[in-house]
Amino acid sequence: MMAAVQPLESLPAPGQRQSFGRNHIAMDIDIETRAPRASHEMTIRGGLQQGDARTVVIMYGPGQEQIVAVFAEVLGKPYRLKGGIRDVTRDDQDWVIGVSAESAKAEIASRNRGLVVTINAHCTTLGMPPDIYLSAQTDYEWLYTEASFFRRDLTRFVSHTLGQLSHHETLMAKPRTYFISTTFPDVHAALPNIDILTVGSDAVEIRVDLLKEPLGNGRFSEIPSLSYVGEQLMLLRQRTELPIIFTTRCTKENGRFPMDNPDLFYEYLYRAIQWGVEYIDVELWLPETIRRRLYEQRGSSRIMSAFHDFSGTFKWPSQRAESIFLQSRRYADIVKMIAIINDHNENFELEYFRSKIKAEYPDSPPLSAVNMGETGQFSRTLNKVFTPITHPLLPIIAAPGQMSAAEINQALALVGQLPKKNIYGITSPSMRSAIPQAPFYEKCFNELGLPHHFAVVERQPKGLASIETWCNQRNFGGAYLNPAMSLTNLATSKGFFASLNNGNGPVLSEAARLIGMVDTIVVRPATSSSSASTPSSPPRQQNGDSVGAISSTQSGLPPNTSLVFDNASWKGILSTLTRDLAPSAYFGCAAVVLASSADDAASALFALKALKVGKVYTVGFKTPPAFAKDLLIEPFNSLESIQRARTVNANGTESIRAGAGSPFVVVSALGPEKSNLVGMLVRLFGSPPRGEAGAGRENSRRVFLDLADGSGHGPRKGDPGLIAEQCGFAAYGAADVTAFTTVETLRLLVGQNVPYSFVRLASGRQFF
Ligand SMILES: O=C1C[C@@](O)(C(=O)O)C[C@@H](O)[C@@H]1O
């Protein structure tokens, strides 16, 4: 009989082992922190940070002071307007300060940079460009439109510029990353198709040099003005959640930016940093002083050093190639090297160069290197860091030989590098009435050119036999579990799962371990240092396992493969909560979680922990001790305790930071049959009680997240989401979380990024 998972309070430190397998009384699970690949922990520890602690000063245009309140709300801080930047003192530390652009002008150059960080918020309807002097002097600049206001864009801008959310670390931990090189003369043309264009991309490149600014009479300016570029960038950012790469490619390297004045490059690239662009492409030929300055001034943006050689004489096995790499890495977060080659063998030379660089300079920034032209296409299938891709819907390809994500995947599949796998959606009888997900996954695989087969299968209500059979196949490619299964349940395995990893059981991600619920099973080759899994059935044929016809006699996983039990839904919750609010809006605040069991509550607790909330009030479940360790938990066990939390008076922002204010976020995992209770609590916590004005957050709409699946039920009587909105909450539902969770599931299962907007679009509204 298999030992149960240890109670969570006795969680081992990362790297230690926890019971699961069948070798010992208390057998072990490899904890993901030992694994080299991307893990959610990167996102918790690396992705979310406290960020810039300086006072944020928003400079606003005539009649635009309301934008200060919006910034404050997104950041979760109180705000006030002041006459000038000089009036900001240490006492304003936790406030957002608004200063009119007019007044700020006189003092911006002499501001105390250690005390304030300035953002020039300019509404483009007031005219473009913004005040040239302010633009040049400010730390950051945010351009917005009033007619269609994109709160999501603002959230992402401040989360990034103030260093609260880092895409780079998360992306660099991914096994493969791609960026789409858009080549539109006008971004408007891209917008209708942006969701489909970006499937498979981790970032979007805007080729600034290819933008064509109309001057009237059919003429275009030689290079697009900063004003035009700013608006184009704003448009793109409003429509895609992906990080952006800002490129001013020069004439010598297949671009249109003139090379006679390097300062022009500095001007545009530095402005891109001010605009909060995530990646700035800096060409290596630029004077070192410019490259150094941009690197030093890059703030939260990351520098992609770029070198292209179109001469046809470039040689990867040369001293020159190595010295170009060394020169590039000095001022780079990613080094990009791209060359025209003449012979297919030069692709192998590039691979040798890649591995040599990795071995000899292990601490260098990641290398993104490909060859151009048809001959070089092979290298585009092998490069793993930010491979530039195109899409059939683009007007032109950005460089000779560029391929689409689908073409790359198809090529990899053809040469055995991306073998066809069976991927499952494992449901339970209780989910029988749910809308089928298979068509959506098939659409994604099709769009991405993935060879995999997807099938929704239903597990038996009891036991693990069916799940183990699906997972125990040579061609098993991973699965999601909907509903999720508890680790305790999975730990009852006496068969295949228990046999993995020489009897130590599957690898557990830290999220799955702490949450105690598994919703994703990821297949991955073991590293040489960790032990290989031991299939419980003998290996058999290489290909051809057909879904639904798997017997226990069929082949098990290949010997160098392990299974990772993971949890994607906490990430879906985190992404939903941070869609319209920066992480700082949650730091230290109080939350309420309602659920009928700890299992139902755990993903939300994990997300709230990642957001560093100060205190969690609980209703309906006992908090697992593992959470109680890092979070201040208080169960609501009487009406008095609720009343106390409601009226708790946060004296100033300090106490809010310690979770002492009345709850700012309410998450409910209670089913529709408990709507009344949820509605009642939401009403109670809706309007900020009198006397809380001192806390300064009276401008903030509180947040309500309903995890109960309302799909297919139509508008519910007493729908807590509706009540929440009436009570002044910003309400989110299961549909948002499901879509964001699907994004994460696809990343985990097939390593590809399918943007949230595409998930919503392709799966149809009624699906969620
Ligand atoms: O640097 C690169 C790579 C690229 O030149 C290519 O070869 O695909 C395409 C460019 O748009 C991009 O900036």
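Each chain has its residues counted from 1, running along the sequence as written. Restriction of local features to residues with pLDDT of at least 70 applies here, the model being predicted, together with a cutoff of 80 or more for giving and counting side-chain atom pairs; totals for whole chains, interfaces and linings are based on all residues. Calculated side-chain values reflect all of the structure's heavy atoms, with hydrogen atoms and water omitted.

Colleague: Kindly report on the sheet that holds strand 15 (residues 387–390), identifying the contributing residues and their values.
Modeller: Across the sheet, which stays open at both edges, the nine strands sit in the order 14-13-12-11-10-7-6-15-16 with parallel pairing between neighbours. Two strands close off the open sheet at either side, each with one partner strand: strand 14 (367–372) and strand 16 (403–404). Judged from the four bridges that link them, strand 7 (residues 203–207) and strand 10 (residues 244–247) form a sheet pairing that is parallel. Looking at the pairing, R207 lines up with T247 of strand 10. Packed on one face of the sheet, helix 12 (residues 345–360) meets strand 13 (334–340) and strand 14 and runs near 170° to strand 14. In this description, strands pair whenever DSSP reports at least two bridges between them. Strands here are runs of E lasting at least two residues and helices are runs of H or I lasting at least four, both read from the DSSP assignment and numbered beginning at the N terminus. The contact criterion used is simple: two residues touch if any of their non-hydrogen atoms lie within 4.5 Å. The axes used here are C-alpha line fits, helices contributing only the stretch in contact, and every angle between their N-to-C directions lies in the interval 0 to 180 degrees.

Colleague: How would you sum up the side chain of K615? Please name residues and give values.
Modeller: Locating K615 in the fold gives a position in strand 24 (residues 615–619). Remark: exposure states derive from per-residue accessible area (1.4 Å probe, protein chains only) relative to the maximum for the residue type, with buried under 20%, exposed over 50%, and partly exposed in between. The exposure class of K615 is buried, given its relative accessible area of 15%.

Colleague: Hey, could you go over the pattern of salt bridges for me, with residue numbers and the actual values?
Modeller: By definition, a salt bridge exists where a carboxyl oxygen of Asp or Glu is found within 4 Å of a side-chain nitrogen of Lys or Arg. A full pass over the atoms with the stated rule returns 28 salt bridges. Linking D153 and R237 is a salt bridge whose minimum nitrogen-to-oxygen distance equals 3.7 Å. Taken together, the positions of D153 in helix 5 (residues 151–161) and R237 in helix 8 (residues 226–239) put the pair 84 residues apart, joining distant regions of the chain. Of the residues examined, D153 reaches a relative accessible area of 3% and is grouped as buried. A relative accessible area of 6% places R237 in the buried class.

Colleague: Outline the site of the ligand, listing residues and values.
Modeller: Throughout this document, a residue counts as near a molecule or strand when at least one of its heavy atoms sits within 4 Å of that molecule or strand. Lining the immediate environment of the ligand, one finds 14 residues, of which E205, R249, H308, K336 and R380 sit closest. Whenever a nitrogen or oxygen atom comes within 3.5 Å of another N or O atom, the pair is scored as a polar contact, on the condition that within protein one atom can donate a hydrogen and the other can accept it, and that pairs from neighbouring residues in sequence are kept only if both atoms are in side chains. Measuring from an oxygen atom of the ligand, one finds a side-chain N or O atom of R207 at 3.0 Å. Here an oxygen atom of the ligand sits 2.8 Å away from a polar atom, N or O, in the side chain of H308. Using the Shrake-Rupley algorithm and a 1.4 Å probe, accessible areas are obtained, with residue cover drawn only from the displayed protein chains. In the complex, the protein chains occlude 99% of the 320 Å² of accessible area that the ligand would expose alone. If you list the elements that add at least two residues to the shell around the ligand, you get strand 7 and strand 13. Among the residues making up the shell around the ligand, the classes are represented as five nonpolar, four polar and five charged. Amino acids outside the nonpolar list (Ala, Val, Leu, Ile, Met, Phe, Trp, Tyr, Cys, Pro) and the charged list (Asp, Glu, Lys, Arg) are all regarded as polar, and Gly is one of them.

Colleague: Describe in detail the environment of T177, supporting the description with residues and values.
Modeller: Tracing the chain through its elements places T177 in the loop between helix 6 (167–172) and strand 6 (178–182). For the pair T177 and A203, spaced 26 residues apart in sequence, the C-alpha separation works out to 8.4 Å. There is a polar contact of 2.8 Å between the side chain of T177 and the backbone nitrogen of F386.

Colleague: Tell me about the side chain of T145, and name the residues and values.
Modeller: Tracing the sequence through the fold places T145 in the loop between strand 5 (140–144) and helix 5. Given the relative accessible area of 17%, T145 is considered buried. At 3.1 Å, the side chain of T145 forms a polar contact with the side chain of Q238. Beyond its immediate stretch of four places on either side in the chain, T145 contacts T124, M234 and Q238.

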